[in-house]
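# Results of the structural survey
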Amino acid sequence: MPPTPRPTIRSSAVDDDHRPAPRVPALPCAVLCVLVFGLLLTLVAVRWEPLMAVDRALAGALHRTAVAAPGWTRLNRVLSDWLWDPWMMRVVLVAAVVLLVRRGERLLGVWVAATALVGTGLQQVLKAMIGRDRPVWPDPVDSAHYAAFPSGHAMSALITGALVLWLLCRCGARSLWRWTAGAVAVVSVVGVGFTRVYLGVHWLSDVVGGWLLGGALVAAAAAAYTGFAPRVGNGAAQWEVERS
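Notes on the structure follow. Residue positions are given per chain, counting from 1 as you read along its sequence in written order. Only residues with pLDDT of at least 70 get local features here, since the model is predicted, and only at 80 or more are side-chain atom pairs given and counted; chain-wide, interface and lining totals rely on the full set of residues. Side-chain figures throughout are based on the complete set of non-hydrogen atoms in the structure, without hydrogens or water.

Turning next to the overall build of the protein. Within the protein, the regular secondary structure consists of 9 helices and 0 strands. In this text, helices come from DSSP runs of H or I with a minimum length of four residues, and strands from runs of E with a minimum of two, each type numbered from the N-terminal end. What you see in the protein, going N to C, is helices and strands ordered as α-α-α-α-α-α-α-α-α. Burial here depends on accessible area, computed with a 1.4 Å probe over protein chains only, as a share of the maximum for the residue type. Under 20% is buried, over 50% is exposed, and the range in between is partly exposed. For the protein, buried positions account for 40% of its 244 residues. For the protein, long-range pairs separated by at least 24 residues make up 78% of all intrachain contacts whose partners lie at least 6 apart in sequence. Here, two residues are considered to be in contact whenever any of their heavy atoms come within 4.5 Å of each other.

Right, dumping it as structure tokens:
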């Protein structure tokens, strides 16, 4: 009898590295974020006292720490005003769009650029509509412009991090890249939220509002692209067949 072949042992590291990333249901996520954001927006607009009390207590405690620790405050200003600044987030997205266009993914690149532009416009419109005042201190450690709600820094960081993760999952990036990008995104989103409250230029609810609105926008964009892109691709393919 011929020898029985030995079972092939597959490396779990290789399998895990090429395993597709788990998909998050984009549309339900977008709906949930919109609902929670709408509730938070209502509470901020009517100045619900329990929420205002939490905002004041946390902002006051962190501001006292910022005044008493100038070295730590300078570090937070560098992180908030340079590394996690919305313009730096836009540079990251511009680089992503350029790479997509060079790879031939023009529609996806336009989608990412449009999502970022809509996010910037949406937050500015809401800031003007709500007109929430920023914290005012007799001894400020930093300054900021425009109204407070929602936080543009928090929203920009979440939109950028979520879009980059979505792109990596779509292009089938290795798990190492996805995990690394995810860790950087989480640190950036949480970190910029902390620095904005610590530096006394935002309330906690401003930051949470920016996170929720950014999450809703990216989830909605991902859901829309998933439904729209195949139709465009099928139409283009049919057009090529008809031309030939």
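Bringing the packing of aromatic side chains into the picture now. Think of a pair of aromatic rings as described by two things: how far the centres are apart, and how the planes are tilted against each other in angle. Aromatic contacts are taken between Phe, Tyr and Trp rings whose centres are within 6.5 Å, Trp giving its six-membered ring; a plane angle under 30 degrees counts as stacked, one over 60 as edge-to-face, and the others as tilted. Evaluation of the coordinates by the stated rule reveals 5 aromatic pairs. Note on Phe37 and Phe149: the rings are 5.8 Å apart at their centroids and 15° apart in plane angle, and the pair reads as stacked. With Phe37 in helix α2 (residues 26-45) and Phe149 in the loop between α6 (106-130) and α7 (152-170), this residue pair connects regions lying 112 residues apart in the sequence. Per residue, the accessibility class of Phe37 equals that of Phe149, and both read buried. On the basis of an interplanar angle of 75° and a centroid distance of 5.3 Å, the ring pair of Trp111 and Tyr225 is categorised as edge-to-face. Placement of Trp111 in helix α6 and of Tyr225 in helix α9 (residues 204-243) is noted, with a sequence separation of 114 residues between them.

With that settled, consider the packing of helix α5 (residues 86-102) against α7. Axes here refer to lines fitted to C-alpha atoms; in helices the fit is confined to the stretch in contact. Angles between the N-to-C directions go from 0 to 180 degrees. In contact at an axis separation of 9 Å, α5 and α7 are set at 20° when each is read in the N-to-C sense. When the axes of α5 and α7 are compared, the pair comes out roughly parallel. Crossing of α5 over α7 shows left-handed handedness. Of the residues in α7, those in contact with Pro86, Met89, Val92, Leu93, Ala96 and Leu100 of α5 are Gly152, His153, Ser156, Ala157, Thr160, Leu163, Val164 and Leu167. Classification used: nonpolar for Ala, Val, Leu, Ile, Met, Phe, Trp, Tyr, Cys and Pro, charged for Asp, Glu, Lys and Arg, polar for all others including Gly. Here the residues of the contact of α5 with α7 sort into 10 nonpolar, 4 polar and no charged. Should an angle lie under 35 degrees it is considered roughly parallel, over 145 roughly antiparallel, and from 65 to 115 roughly perpendicular; all remaining angles are considered oblique. Take the far helix as your reference; a near helix turned counterclockwise from it by less than a right angle gives a left-handed crossing, and one turned clockwise gives a right-handed crossing.

Once that is clear, we can look at unusual backbone geometry. A cis amide bond links Phe149 with the next residue in sequence, Pro150, at an omega value of -5°. Residues other than glycine seldom take positive phi values, yet Arg47 does so here, at roughly 55°. Considering the arrangement of structural elements, one finds Arg47 in the loop between α2 and α3 (49-68). For Arg47, a relative accessible area of 53% gives the class exposed. You will see that Tyr146, though not glycine, has its phi angle at about 65°, which is positive. By secondary structure assignment, the location of Tyr146 is in the loop between α6 and α7.

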